[in-house]
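In case you want the letters, here they are:
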Amino acid sequence: MASLKRFLLKKNYTKASLVLTATNHFEIAAKINGISGRFILDTGASNTCLGFDKLEFFNLTSKESKIKAAGAGATNMDTLISTKNHIEIGDWKRNKLKIVLFDLVHVNQALTAHNVAPVDGIIGADILKKGKAIIDYDKRSVYLKQRE
């Protein structure tokens, strides 16, 4: 049987590497608006998110949002929304990306408490759905489908 990698590459997927951290999170490298960053790949996060402190770093414009964010250990957090952003994960690219901004301090405090470097944000299910993502946990890779 052909390998998953060969099969998916024939089906117009592109591969991106994942790094397993000491906290059992997968980290992934991505570019937002051409700026490189480190992100947690989170299948349980509905949206791709950045911390408030990354607004200028990733050249984002934002507006107030009535949406309240919730995550592990935190609820009812204020958010901002940034639209019309560009994302690149390896060779996979998309425009018109909506990003939710909220206070990620609690996430990064939990990571650093376990000697894991802080992250810039979270790649969520919105991206995974758009890319028809397939995660190969054994090979520590994610495959995202290119546009036809």
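Preceding this paragraph is the structure being described.
Report follows, based on the coordinates. Quick caveat, the model's predicted, so the values are computed rather than measured.

**Comments concerning the overall build of the protein chain**
Phase 1: Regarding its fold elements, the protein chain presents three helices and 13 strands.
Phase 2: The long-range fraction of contacts in the protein chain, counting pairs at least 24 apart against all pairs at least 6 apart in sequence, stands at 59%.
Phase 3: With the model as given, the accessible surface of the protein chain reaches about 8,600 Å², and the carbon-plus-sulfur share is 51%.

**With respect to unusual backbone geometry**
The general pattern is negative phi for most residues beyond glycine and trans for most peptide bonds.
Phase 1: Its identity is not glycine, yet Asn 59 carries a phi of approximately 55 degrees, on the positive side.
Phase 2: Within the fold, Asn 59 resides in the loop between β5 (49–51) and β6 (63–64).
Phase 3: Its relative accessible area of 51% is what places Asn 59 among the exposed residues.
Phase 4: One non-glycine residue, Asn 115, lies in the positive phi region at around 60 degrees.

**Observations concerning the nonpolar core**
Phase 1: The biggest cluster of nonpolar side chains holds 22 residues, and the ones touching the most others in it are Ile 28, Ile 32, Phe 39, Ile 87, Ile 89 and Ile 123.
Phase 2: Elements with a minimum of two residues in this core: β3 (26–32), β4 (35–41), β9 (80–89), β10 (92–102), α3 (125–130) and β13 (141–145).
Phase 3: If you look at the next biggest cluster of nonpolar residues, it comprises 12 residues, including Ile 40, Ala 45, Val 100 and Ile 122.

**Brief notes about the pattern of salt bridges**
Phase 1: This structure, assessed with the given rule, holds two salt bridges.
Phase 2: Its salt-bridge partner being Arg 38, residue Glu 27 comes within 2.8 Å of it at the nearest N-O pair. A residue pair is termed long-range when its members are at least 10 positions apart, and Glu 27 in strand β3 and Arg 38 in strand β4 qualify at 11 residues.
Phase 3: Given the relative accessible area of 31%, Arg 38 is considered partly exposed.

**Considering helix α2 (residues 105–113)**
Phase 1: Of all the residues in α2, the buried ones are Val 107, Asn 108 and Leu 111. Taken down its axis, α2 places every buried residue within 90 degrees of arc, on the same side. Within α2, the exposed residues directed more than 90 degrees away from the buried face are Gln 109 and Ala 113.
Phase 2: Buried residues belonging to α2 abut β4.
Phase 3: Where α2 terminates, the next one or two residues include Asn 115, which has phi positive at roughly 60 degrees.

**Description of the side chain of Thr 48**
Phase 1: Checked against the element boundaries, Thr 48 lands in the loop between β4 and β5.
Phase 2: Within polar-contact distance, the side chain of Thr 48 engages the backbone nitrogen of Gly 124 at 3.2 Å.
Phase 3: Within the structure, the side chain of Thr 48 is placed 2.8 Å from the side chain of Asp 126, a separation counted as a polar contact.
Phase 4: Setting aside anything within four residues of it in sequence, one finds Thr 48 in contact with Lys 98, Ile 99, Val 100, Ile 122, Ile 123, Gly 124, Asp 126 and Ile 127.

Cut-offs used in this document
Residues numbered from 1 in each chain as written. Predicted model: local features only at pLDDT ≥ 70, side-chain atom pairs only at ≥ 80, totals over all residues. Heavy atoms only, no water. Helix = DSSP H or I, 4+ residues; strand = E, 2+ residues; numbered from the N terminus. Contact = heavy atoms within 4.5 Å. Areas by Shrake-Rupley, 256 points an atom, 1.4 Å probe, with all protein chains shown as cover. Buried < 20%, exposed > 50% of the residue type's maximum accessible area, 1.4 Å probe, protein only. Core = buried A, V, L, I, M, F, W, Y, C linked by side-chain atoms within 4.5 Å. Salt bridge = Lys/Arg side-chain N within 4 Å of Asp/Glu carboxyl O. Arc of directions from axis to C-beta. Polar contact = N/O pair within 3.5 Å; in protein donor to acceptor, adjacent residues only side chain to side chain.

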